[in-house]
Amino acid sequence: MSGPNDPTKPAESGAEEAVENRDFIREIVAADVESGKHGGRVHTRFPPEPNGYLHIGHSKAILIAWGIAQEFGGKFNLRFDDTNPEKEETEFVEGIQRDVKWLGADWDDRLFHASDYFDTFYEWAQVLIREGKAYVCSLTEEEVREYRGTVTEAGRPSPDRDRPAEESIDLMERMKNGEFEEGKYTVRAKIDMGHANMKMRDPLLYRIKHMAHHRTGDTWHIYPMYDYAHGQGDAIEGITHSTCSLEFQVNRPLYDWFIENLPVPHVPHQYEFARLNLTHTVMSKRKLRLLVEDDHVTGWDDPRMPTLVAMRRRGYTAEAIREFCDRIGVAKADSTVEFSLLEWAVREHLNRVAPRVMAVLRPLKVVITNYPEGQTEMVECINNPEDDEAGTREVPFGRELWIERDDFREEAPRKFFRLKPGSEVRLKHAYYITCDEVIKNDSGEVVELRCSYDPESRGGSTPDGRKVRGTLHWVSCDHAVEAEVRLYDHLFASPFPEKDGDFLDNLNPTSLEVITHAKLEPMLGGLEPGTQVQFMRNGYFCVDTVDSKPGTPVYNRTATLKDSWAKAQKKG
RNA sequence: UGGGGCGUCGUCAAGUGGUAAGACACAAGGUUUUGGUCCUUGCAUUCGCAGGUUCGAAUCCUGCCGCCCCAGCCA
C-alpha cells in the first residue's frame, strides 16, 4: 500500500535536512555524538538552588538541558545545588519539582542534591591539600577581599598559603566539627593570586556555617562553595554537557581546574548561553522576592509574576511555554525578548484547545420587546470552530439579556459594526436584534436597551440572506452566573523596568483590574479550577485555582484576543 | 581599558568566502455567525564603524567604537 508513490508519504529526496537550524550547543552535542566522545552518550542536568521559585527564564534553561537529552536519546537529571543552607528551604525544593514536572521535563529517577556528595567533596579537598593545591586560610573576610587585589592589580598571597598539609588537614577537620566560629577559617585552593581571572585567585572551597542543612541536618559546620561543588557534581553524575548562563563563563577555567586536579570519574564540559530577559518584567530572584515580601503582589503565585507557579495560575500552558522557548532560540548575545512573543505562544495553543464560551464583563441590559415574556429557549453553540471534535452545547436564551457595554454606542463612529440606535446586529448563535430605544437614568447613563428581534433569524442567519456586520456575545439575565473576573496586564508599565531608577517606580498601576459582577453563561459556574476557556471576543481565561469556589467563581485573564478594532480606534 | 564574552530588520535569530532563512511585531488586502482564527502581500542593496585581502566578504585580516560579565566566606 505505502510504496514509493504513496502520496501520503513525504518524498524521500536528499533535501530533507535542508532547513534544520541547530543552535551552537546542539551543534557541539551533535559533533560529540558523531565523534563518539563520552562513548556517544549525552547526559544533561538542571541545577537549581532551592532558594526561590522558578521563573520563565529558568524554563529556557530547563528546556535546553532536557530538550538536548531528549533529542539525542540521552538522560536528564534534576539536581538541587543546595550548598548554602542559609537561603534554602524545603518549600522551594517541592515547588521547583512541581514546576519542572509541569513543564514536561522528566528526570525519571534521577533526582539528586549537591548535598548527596558532601562526603566526596570533603575527601577531595583533603586530596588537594595533600598535593599542596589547597590550604586552610585564617584571613578574615575583609582581608581576603584586600589580598585578592582588583581587576587591574594582582593580589597577594595569604600568609597561610604554605601552611603544612597536615596542619590544614587537621584544621579542616576541626572546622567541619564545629570547633571554630564562623569566619575564623576558610579552605582555599592554591592557584594563582596574580591570575587575570579573579576567580582563579585562590578561590574558597569551604566556609564555616553553623547552620542546619535541610537534608544533612547539623552534620556539617562547613559548606562547599558553588565553584567547588558544581563541576564535581556534574562529574559524579556523568554529565556530558553542562549548560548554564553566560555569567558563569568566567567560572569555567575554575570548573576545569577542579576537574583536572581531582580524581573525578568523568570529565564534563560547561557551555554557556544568554539567559532570557523579557520586556515588562524582572527576572532576578532578589527583585521577585522583594515584590513578594513588600506586598506589591499577593505572592510568588500572583498571576502577574513571571514565576511558573504564577503563570500556571494565570492560565499559561506548559505547551505554550515550550513553544515560546523553541522560538527564542539559544545564542550568546545578550537579548530581551518582547512580551508579545510569549502572548503569541499562549494564544497559539489556547486558540486550538480552549472552548469558546460567553461571558459579559461589563453588562448592559437588553430587553427584547417582541420576545414572549417568561419564555426561555436553548440555542446550540459551537464549542470550538478550530476543533470539530469539540462539539456543541446548549445555552439558554430569553427576553432579557446582558451584552457588553462596549458593544453599544449611542453615537457611533464610522465603521462601528456593533449595536447603535436603529441598527441590527447578530447575537452569536441566536437571533438578529435591532435597537429601538435607549433608556437612561437621571444622570444620563444608558441603563437599558429596548430591542426587537427577528424570529426568522434563529441560529444567526435569515432566509433572505441579509448581512449584518456585527456579532455580539450575550448572556441570559435569568440564567447568568455572577463571577469575579481578574484582568491582568503587564506587571511593569515600562518595557525595561530596570533601565533607569528604581524598578519599583515602574510598576504598572493598572496591572490588575477586578470585575466583581461579570455575567457568565451557566456552565461557567461549574468548571474545575484551572480550566481554560475563551470568553468569546474578550480573551482567554481560566478558573482561578486559589480563590474560585463553587457558587462564587473567579476567573483570571490569561491573555486578551488580538483586537484590531481597538488598535484602529487608538490610531484615530 | 586586567581578563572573559557579545554586536545581522522594532524584537529574537539563521548564516561558517559565492552574493542576507525563519518567527514575533508592524502595515495593506481577502475570508469569517468571535473586529478572533485562517489566507495573501509587504517589511535589512545590507550585516557596530573604518580600512585591507579576494573575481567575490556578514563571513578572512587590521584598527577603532559600543554593550555585558568578573574584585560575595551568593549561585
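Residues numbered from 1 in each chain as written. Chains lettered and ligands numbered in written order. Predicted model: local features only at pLDDT ≥ 70, side-chain atom pairs only at ≥ 80, totals over all residues. Heavy atoms only, no water.

Some points on the environment of Tyr223
Thought 1: The residue Tyr223 is located in strand S7 (residues 222-224) in this model.
Thought 2: The buried category is assigned to Tyr223, whose relative accessible area is 0%.
Thought 3: Sequence separation between Tyr223 and Thr83 is 140 residues, and the spatial gap between their C-alpha atoms is 6.1 Å.
Thought 4: Look past the residues within four positions of Tyr223 in its chain and what remains in contact with it is Thr83, Pro85, Phe118, Leu205, Tyr206, Arg207, Lys209, Met211, Ala212, His213, Thr216 and Gly217. (Helix = DSSP H or I, 4+ residues; strand = E, 2+ residues; numbered from the N terminus. Buried < 20%, exposed > 50% of the residue type's maximum accessible area, 1.4 Å probe, protein only. Contact = heavy atoms within 4.5 Å.)

Re the side chain of Glu404
Thought 1: Tracing the backbone shows Glu404 in strand S17 (residues 400-404).
Thought 2: In this structure, Glu404 is buried with no salt-bridge partner, the nearest side chain bearing the opposite charge being Arg362 at 5.2 Å.
Thought 3: There is a polar contact of 2.8 Å between the side chain of Glu404 and the backbone nitrogen of Leu361. (Lys, Arg positive; Asp, Glu negative; His and termini not counted. Salt bridge = Lys/Arg side-chain N within 4 Å of Asp/Glu carboxyl O. Polar contact = N/O pair within 3.5 Å; in protein donor to acceptor, adjacent residues only side chain to side chain.)

Considerations on the pattern of salt bridges
Thought 1: Counted by the stated rule, this structure contains 42 salt bridges.
Thought 2: We note a salt bridge from Asp23 to Arg26, for which the minimum N-O separation is 2.6 Å. Summarising the burial analysis for this pair, Asp23 and Arg26 share the class buried.
Thought 3: Two residues, Glu484 and Arg486, come together in a salt bridge whose shortest N-O distance is 2.8 Å.
Thought 4: For Arg486, a relative accessible area of 12% translates into the label buried.

Quick look at the side chain of Asp32
Thought 1: Here Asp32 is to be found in helix H1 (residues 24-35).
Thought 2: One buried charged residue, Asp32, forms no salt bridge at all, with the nearest opposite charge on Lys37 at 4.2 Å.

Re unusual backbone geometry
Thought 1: Residue Asp202 is not a glycine yet carries a positive backbone phi of 45°.
Thought 2: Tracing the backbone shows Asp202 in the loop between strand S5 (186-189) and strand S6 (204-208).
Thought 3: With a phi close to 65°, His280 is a non-glycine residue in the positive phi region.
Thought 4: Relative to the elements of secondary structure, His280 occurs in the loop between strand S10 (277-278) and helix H9 (285-293).
Thought 5: Residue His280 is classed as buried on the basis of its relative accessible area of 15%.

Quick look at the confidence of the model for chain A
Thought 1: Mean pLDDT over chain A stands at 95; residues scoring 70 or higher make up 97%.
Thought 2: Counting contacts from residues 1-19, a segment whose pLDDT is below 50, to residues more than four positions away or on other chains yields two contacts.
Thought 3: In the model output, the complex is listed with pTM 0.95 alongside ipTM 0.97. (pLDDT = per-residue confidence, 0-100.)

Examining the domain arrangement of chain A
You'll often see interface size given as the accessible area lost when the parts meet.
Thought 1: In terms of domain boundaries, chain A breaks down into domain 1 (118-227), domain 2 (278-357 + 481-572) and domain 3 (359-473).
Thought 2: Taking the mean C-alpha position of each, domain 1 and domain 3 sit 75 Å from one another. (Domains from an automatic or database assignment.)

Structural notes on the sheet that holds strand S22 (residues 474-476)
Thought 1: The seven strands lie next to each other as S21-S18-S19-S20-S14-S17-S22, forming an open sheet whose pairing is mixed. The open sheet terminates on both sides in strands that have one partner only, identified here as strand S21 (471-472) and S22.
Thought 2: Summarising the sheet, strand S14 (residues 363-368) and S17 pair through five bridges and their orientation is antiparallel. If you follow Val366 over to S17, its bridge partner there is Leu401. (Pairing = 2+ DSSP bridges.)

Let's talk about the nonpolar core
A general tendency of soluble globular proteins is for nonpolar side chains to be buried together.
Thought 1: The biggest cluster of nonpolar side chains holds 44 residues, and the ones touching the most others in it are Phe46, Ile56, Ile62, Phe76, Val100, Leu278 and Phe324.
Thought 2: Going through the elements one at a time, H1, helix H2 (56-71), strand S2 (75-80), helix H3 (90-103), strand S9 (269-273), helix H10 (308-314), helix H11 (318-328) and helix H12 (339-353) are the ones with two or more residues in this core.
Thought 3: The element that contributes the greatest number of residues to this core is H2, accounting for nine residues.
Thought 4: In this structure Phe324 touches Ile56, Leu276, Leu278, Val337, Leu341, Leu342 and Ala345, once residues within four positions along its chain are discounted.
Thought 5: In terms of nonpolar packing, the next biggest core, distinct from the first, is built from 36 residues, Val136, Tyr185, Met200 and Tyr206 among them. (Core = buried A, V, L, I, M, F, W, Y, C linked by side-chain atoms within 4.5 Å.)

Thoughts on the protein's contact with RNA strand B
Thought 1: What surrounds RNA strand B is a group of 67 residues, the closest being Asn21, Arg356, Arg418, Lys428 and Gly459.
Thought 2: Taking the atoms of RNA strand B that fall within 4 Å of the protein, sugar and phosphate contribute 67% of them.
Thought 3: Side-chain polar atom of Arg145 to a phosphate oxygen of RNA strand B: 3.2 Å apart, as the coordinates give it.
Thought 4: Side-chain polar atom of Arg207 to a phosphate oxygen of RNA strand B: 2.9 Å apart, as the coordinates give it.
Thought 5: Looking at the surface near RNA strand B, the elements that each hand over two or more residues are helix H5 (141-148), S6, H11, strand S11 (336-337), H12 and helix H13 (564-571). (Near = heavy atom within 4 Å.)

Focus on the environment of Ile259
Thought 1: If you trace the backbone, Ile259 turns up in helix H8 (residues 252-261).
Thought 2: Using a relative accessible area of 7% as the deciding quantity, one classes Ile259 as buried.
Thought 3: C-alpha of Ile259 to C-alpha of Asp234: the two residues are 25 residues apart in sequence and 9.7 Å apart in space.
Thought 4: If we ignore the near neighbours within four places in the chain, the residues touching Ile259 are Gly231, Gln232, Ala235, Val264, His266, Val267 and Pro268.

Regarding the sheet that holds strand S3 (residues 111-113)
Thought 1: Across the sheet, three strands lie side by side as S1-S2-S3; this open sheet has parallel pairing. Each of the sheet's edge strands pairs with one partner strand only, and the pair in question is strand S1 (43-46) and S3. Each neighbouring strand pair of the sheet contributes to a mean axis angle of 35°, computed without reference to strand direction.
Thought 2: With respect to the sheet, H2 is in contact with S1 and S2, its orientation differing from that of S1 by roughly 160°.
Thought 3: Against the sheet, helix H7 (residues 226-237) touches S1, S2 and S3, its axis set at about 140° to S2. (Axes fitted to C-alpha atoms, helices over the stretch in contact; angles between N-to-C directions.)

Focus: a negative patch on the surface
Thought 1: There is a patch of like negative charges on the surface, built from Glu141, Glu142, Glu143 and Glu146.
Thought 2: Along the chain, the position of Glu141 falls in helix H5.
Thought 3: Judged by relative accessible area, Glu141 falls into the exposed class, the value being 64%. (Patch = residues over 30% accessible without salt bridge, like charges linked within 9 Å, V, L, I, M, F, W, Y side chains within 5 Å. Areas by Shrake-Rupley, 256 points an atom, 1.4 Å probe, with all protein chains shown as cover. Charge placed at Lys NZ, Arg CZ, Asp CG, Glu CD.)

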